Amino acid sequence: MTRTHGASIAAVVLALLFAGGAVTVASADREEAQASPASASADAGFARDMSVHHQQAVEMSFIVRDRTEDADVRRLAYDIANTQANQRGMMLGWLDMWGLPKIESGTEPMAWMGMGGHGDTGPLDGALMPGMATKTELERLRAASGKEAEVLYLQLMIDHHKGGVHMAQGCVDKCSVDVERNLAQGMVEAQESEIGLMTQLLKERGAEPRS
């Protein structure tokens, strides 16, 4: 091998190594950009708002667990509370990882979806977002028992899920972080399935969804 030929091979190897390093850096930059969305992004807005939405579902599920002995409703309530508490932890963890606040003052719920507060009238008796129960409705649930509590819980949770599906679909359409968008799609599918189950449980109790 001539000295010139050897130098040419070395130059090619160095060029390939440099190109590979550039690709690796570019890939890392893309991953970093995707993992750190802006505070005003759909990714951050969804994580904040759905965490609040989920927290109320967990609260209602714990309430009805103590207000009925019905195995089907208690099982459903446990599943909803467990699933949504875990998902809430994931979303709050993402906000921490992104270095973003869990509460952004001055920004109304669902502004990232082009909405402001609860419809056009602002928060209604503590219901910060569509589908959420009001303070009055939560007090009614706490005061109820037996079949009355079961029916009210199922009706409130169907409304809650419908609001949740609407918001999750918004993330599917607008979010840029793949893992978050996949979680949102899973929420849409799971909550639509649970709406069907809760509608059947209401029918068995001689009741139906409120809307």
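Residues numbered from 1 in each chain as written. Predicted model: local features only at pLDDT ≥ 70, side-chain atom pairs only at ≥ 80, totals over all residues. Heavy atoms only, no water.

Chemist: How should the overall build of the protein chain be read in this particular structure?
Modeler: Counting secondary structure elements, the protein chain contains 6 helices and 0 strands. Going from the N terminus to the C terminus, the protein chain shows its helices and strands as α-α-α-α-α-α. Of all 211 residues assigned to the protein chain, the portion counted as buried reaches 41%. Counting only contacts in the protein chain whose residues sit at least 6 apart along the sequence, the fraction spanning at least 24 positions is 74%. (Helix = DSSP H or I, 4+ residues; strand = E, 2+ residues; numbered from the N terminus. Buried < 20%, exposed > 50% of the residue type's maximum accessible area, 1.4 Å probe, protein only. Contact = heavy atoms within 4.5 Å.)

Chemist: How should I be thinking about helix α5 (residues 146–174) in this particular structure?
Modeler: An α-helical turn contains 3.6 residues, so any two residues separated by three or four positions project in the same direction. Along its 29 residues, α5 runs 41 Å from first to last C-alpha, staying within 8% of the 42 Å computed at 1.5 Å per residue. Burial analysis of α5 places 21 of its 29 residues in the buried class, which makes it a mostly covered element. (Expected span 1.5 Å × (residues − 1).)

Chemist: Mind showing me how you'd approach unusual backbone geometry here?
Modeler: Most peptide bonds are trans, and most residues other than glycine sit at a negative phi. In this structure, Met110 takes a positive phi of about 65° despite not being glycine. Considering the arrangement of structural elements, one finds Met110 in the loop between α3 (71–98) and α4 (135–143).

Chemist: When you look at the packing of α3 against helix α6 (residues 178–204) in this model, what are you seeing that I'm missing?
Modeler: Contact pair α3 / α6: the axes reach a minimum separation of 12 Å and the direction vectors enclose 165°. Taken together, the axes of α3 and α6 lie roughly antiparallel to each other. α6 is crossed by α3, and the crossing has left-handed handedness. Across the interface between the two elements, Asp72, Leu76, Ile80, Gln84, Gln87, Met90, Met91, Trp94 and Trp98 from α3 touch Val179, Glu180, Leu183, Met187, Gln191, Glu194, Leu197, Met198 and Leu201 from α6. Of the residues contributing to the contact of α3 with α6, the split by class is 12 nonpolar, 3 polar and 3 charged. (Axes fitted to C-alpha atoms, helices over the stretch in contact; angles between N-to-C directions. Parallel < 35°, antiparallel > 145°, perpendicular 65-115°, else oblique. Left-handed = near helix turned anticlockwise from the far one by under 90°. Nonpolar A, V, L, I, M, F, W, Y, C, P; charged D, E, K, R; others polar.)

Chemist: Got a minute to help me understand the nonpolar core in this structure?
Modeler: A general trend in soluble globular proteins is that nonpolar side chains are found buried together. The biggest cluster of nonpolar side chains holds 28 residues, and the ones touching the most others in it are Phe46, Met91 and Met167. Listing elements by their share of this core, those giving two or more residues are α2 (42–65), α3, α5 and α6. Non-local contacts of Met91, meaning those with residues more than four positions away in its chain, are made with Phe46, Ala47, Met50, Ser51, His54, Leu183 and Met187. Listed in part, the 24 residues of the second largest apolar core include Met60, Val73, Ala144 and Val151. (Core = buried A, V, L, I, M, F, W, Y, C linked by side-chain atoms within 4.5 Å.)

Chemist: It is not clear to me how the side chain of Glu150 should be interpreted in this structure. Could you clarify?
Modeler: Looking at the secondary structure, you find Glu150 in helix α5. The contact partners of Glu150, leaving out residues within four places of it in the chain, are Thr68, Asp70, Val73 and Arg205.

Chemist: Please explain the state of the cysteines as it appears in this structure.
Modeler: In a disulfide, the sulfur atoms of two cysteines are held together by a covalent bond. Summed over the entire model, instances satisfying the criterion amount to 1 disulfide. With its sulfur 2.2 Å from that of its partner, Cys171 forms a disulfide with Cys175. Residues Cys171 and Cys175 are joined by a disulfide whose S-S torsion is about -120°; by sign, that bridge is left-handed. The exposure class of Cys175 is buried, given its relative accessible area of 6%. (Disulfide = S-S within 2.5 Å.)

Chemist: Sorry if this is basic, but what is going on with the pattern of salt bridges here?
Modeler: Pairing between side chains becomes possible if they bear opposite charge and their charged atoms approach one another. The full count for this structure, using the stated rule, is 12 salt bridges. Ionic contacts of the salt-bridge type, sharing partners, join the residues Asp70, Glu150, Glu204 and Arg205 into one network. (Salt bridge = Lys/Arg side-chain N within 4 Å of Asp/Glu carboxyl O.)

Chemist: Help me out: how do you make sense of the packing of aromatic side chains in this one?
Modeler: For the structure on display, the rule yields 2 aromatic pairs. Judged by centre distance (5.9 Å) and plane angle (85°), the ring pair of Phe46 and Trp112 falls under edge-to-face. Pair noted here: Phe46 is in helix α2 and Trp112 is in the loop between α3 and α4, with a separation of 66 residues, a long-range link. The burial state of Phe46 is the same as that of Trp112; both residues are buried. (Phe/Tyr/Trp six-rings, centres within 6.5 Å; stacked < 30°, edge-to-face > 60°.)

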